[in-house]
Amino acid sequence: MATPISHPSKSQQLPRSERRMFSASDDSAMMKQIQSTHAPDGRVVYVKPILQIVDDVLRHITPNIDHVLNGGNGQIDTIDDRTSPAAMDDMLEALAYIVHKISCEISCKCSGGGDAHGITMVLLNTISSFSWDAKVVLVLAAFAVNFGEFWLIVQLCTTNSLAKSVALLKQLPGILEHSHTLKPHFDALNKLIKAMMDVTKCIVEFTELPSQYILSDVLPMSIAMAHIPTAVYWTIRSVVACATQITSLVGLRHDEFVTSTSEAWELSSLAHKVSGIYEHLQKLLHLCYQHIDEKKLTEAYEDLKHSLETPQLDNLKILLKIFSLRKEDPQSLWGPDKTKVHMDILRRKHVLLLISDLDISHDEIQVLEFIYKGERVLTELNYEIIWLPIVDRSDWNDNNQQKFLSLRSIMPWYTVHHPSIIEPAVIKYTKEVWRFVKKPIVVTLDPQGKVTCPNALNMLWIWRSTAFPFSTEKEESLWKEETWTIELLVDGVEPNLLNWRRQQKVICLYGGEDIEWIQSFTSATKTVAQTLAIGLEMVYAGKNNAKERVKKINGLINEKQLSHVWQDAKVWFFWNRLENMFFSKTQHGKTNEIDVIKQEVMTLLCYDDSEHGWAVFFLGTTEMVKAKGDKALSSMQNFGQWEELAKELGFIPALRQHLEGITDDHHCTRLILPGISGGIEERVVCVECGRAMEMYFMYRCCVE
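Residues numbered from 1 in each chain as written. Predicted model: local features only at pLDDT ≥ 70, side-chain atom pairs only at ≥ 80, totals over all residues. Heavy atoms only, no water.

## Considerations on the sheet that holds strand β7 (residues 451-453)
Let me state the cut-off plainly: Any two strands with at least two DSSP bridges between them are considered paired. Helix and strand definitions follow DSSP, with helices as H or I runs of at least four residues and strands as E runs of at least two, each counted in order from the N terminus. Every axis corresponds to a line fitted to the C-alpha atoms, with the helix fit spanning only the stretch in contact, and the corresponding angles, defined between N-to-C directions, vary from 0 to 180 degrees.
Spatial ordering of the open sheet is given by β4-β3-β6-β7, a layout of four strands whose pairing is mixed. Looking at the sheet topology across the chains shown, the edges are occupied by β4 (383-389) and β7. Direction aside, neighbouring strands of the sheet carry axes that sit 30° apart on average. Two strands pair when backbone bridges link them, and strand β6 (residues 441-445) and β7 are joined in this way by two bridges, in the antiparallel orientation. The residue bridging T444 from the neighbouring strand is C453, located in β7.

Printed below as a string of structure tokens:
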């Protein structure tokens, strides 16, 4: 009778003390040992397609394991096959031998005992001539072959006679019979395989980073390169652990299934370590991408800057760069009729770049629409407007999408298909060179693409299409022709102005939001006019950035017939236009000490920022006098003090002389300006006393 062959138990084949996964540490001695196996011969292996096949193999196995362990028959193949073997035949053929050799090494070494570190070092020596990324991918490929063949037998043994016979020889049917007991084992195996794949993909991704933007000796790339050998070691060691655990299932007896719980813990511990390596590499990879993005941004920024500073034959090249369009596919521009158009339609035209975020107001759009669809068409001026929306891509959401679409739908000029086409370099240029902050600006380009004014919005608000071609030189020449008159102050706002002028009426413009002051002031002023028998027209100019409050005050003024009022849009335009006068003067280096117009504009802006009312009186083209609310009211109420002077000199000269005689023991003048492009002059003097004003920073959110 033949003597049966006695097989050693699994504990005898692979002593547990030798199967501990953390017997070696990541110390310098081990690193030297790992590095000593590395002798690359310079060959280049394009590992990504191989890694994709490995990923497909393991992705097919993982759901099948879960399915079988949960009572299924193991035959689910619903994942799409993303590989294209025909395109990789040559490469796989060249590597088939080494993959087979590694596969045999893994099968042999992991079946015959030995410690994990020793087996890992054997594998590293086998693949010493390959780069680090190729090493880890080739070992994973060999593991995928072994694990794939193993699981095919397990999966098919209940339905395929050949697989059943092979499974019997390997004593694998017990895996299905004891699937419940083995579930923690395979769960841990799956987690470790996922961690291995994550680290490997990360290592491969490092090798694909563009060297023209990040060199290997540049932080954080140099740190990553120093850590990759360790990452490769622990990934290969994880392969050894997985292969050892899978091999240990062959011929496993019923009484040995219980021991797999501790083995599962070892796999989980190793998965934790490898996951930690992955997280560290991911952080370094993120920093590398940040470095690359910064380099690309700087390169694109300098390219855009150079193009804008270089004379061009026409504006097409500049426009394509600004709107990040390719010459062969420049149709991401939306025309006034809301259809895609070719950028060539703007060739050799004056182009106004309307630059704003998504908070541009409808009031601003309406004013520009009046100029664009009205005056531009009537005067047949050769210019177009394009909206250049500046948004933060990281904050993009459905709400911003709706705001963009809503704004685009009401703009009658050219716009972009989507804000995402505006490259970061363009956004950086608008902020650093054109100094866009929050308030919309309009940058003008001549037909050759040359920037003729970094912000022509001031000109558009003050002179509208008269300022064409909206160059800095044109703006300066227009200011030289201007003097401080009521026409400049309220141009286009008050329709009755010319009639009142012809009738030689005194025109009083006043503002503020104190209704008691308004009632007292209008009543007292009308009494003075009646006493002097002069024509008087009073207009309430409201208050800046107080739409709802002004609307209520307008209602009370109309109800009590105190004076004329302007509707919301006109109030907004009046104050916005004043601010643009101030900014325009500032851009040209004018100070309120020597520039009369800027001084008068600044006075009104300071009046509006005070807590009280104000008033300005005009008669004809040259006579004008102004006062803060308390002075204006007291002067009207105490008219008897200067009545005789008024009859002798006239209303405005007498009022001016009276006001000059009133001294202030205390005053607090404020000038609040919105965030603007172009900066603000360092020195601004007080309109009341002429001393330099202190500068403060103010952040405001006014929601009515």
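## Quick look at the pattern of salt bridges
The cut-off we apply is this: Whenever a carboxyl oxygen of Asp or Glu lies within 4 Å of a side-chain nitrogen of Lys or Arg, that contact is scored as a salt bridge. A 1.4 Å probe rolled over the protein chains alone gives each residue an accessible area, and that area as a share of the maximum for its type sets the label: buried under 20%, exposed over 50%, partly exposed in between.
Overall, the coordinates contain 27 salt bridges when judged by the stated rule. For the salt bridge of R347 with D314, the shortest nitrogen-to-oxygen distance reads 2.6 Å. Taken as a pair, R347 in the loop between β2 (340-341) and β3 (350-356) and D314 in the loop between α11 (260-309) and α12 (316-322) lie far apart in primary sequence, 33 residues in all. Overall, R347 belongs to the partly exposed group, its relative accessible area being 30%. A relative accessible area of 11% means that D314 is categorised as buried.

## A few points about the packing of aromatic side chains
Where we set the bar: Two rings from Phe, Tyr or Trp (for Trp, the six-membered ring) form a pair when their centres sit within 6.5 Å of each other. Planes less than 30 degrees apart are called stacked, planes more than 60 degrees apart edge-to-face, and all others tilted. In this scheme, the term charge over a ring applies when either NZ of a lysine or CZ of an arginine sits within 6 Å of the ring centre and within 35 degrees of the ring normal.
Under the defined criterion, the tally for this structure stands at 26 aromatic pairs. Aromatic side chains Y510 and W517 sit 6.4 Å apart centroid to centroid with 50° between the ring planes, which places their arrangement in the tilted category. Classification of W517 by relative accessible area gives buried; the value is 9%. Among the aromatic residues, those joined into a cluster by ring pairs are Y510, W517, F521, Y540, F617, F639, W642 and F651. If you follow R43 out to its NZ or CZ, it ends over the ring of F130, 4.3 Å from the centre. In this structure, K598 packs its charged tip against the face of F582, placed 4.9 Å from the ring centre.

## Points about the pairing of β3
Test applied: A right-handed crossover is one whose linking path, passing over the helix from the first strand to the second, runs clockwise when the strands point away from the viewer.
Buried residues dominate β3, accounting for seven of its seven residues. Residues H350, L352, L354 and S356 line one face of β3 and the alternating positions V351, L353 and I355 line the opposite face, and both faces are buried. By the bridge criterion, seven bridges tie β3 to β4 in an arrangement that is parallel. From the neighbouring strand, H350 faces β4, where its bridge partner is Y383. Regarding the hand of the β-α-β motif, the stretch spanning β3, helix α13 (residues 362-379) and β4 is right-handed. The sheet contact formed by β3 and β6 spans five bridges and is antiparallel. By the bridge assignment for β6, L353 is matched with V443.

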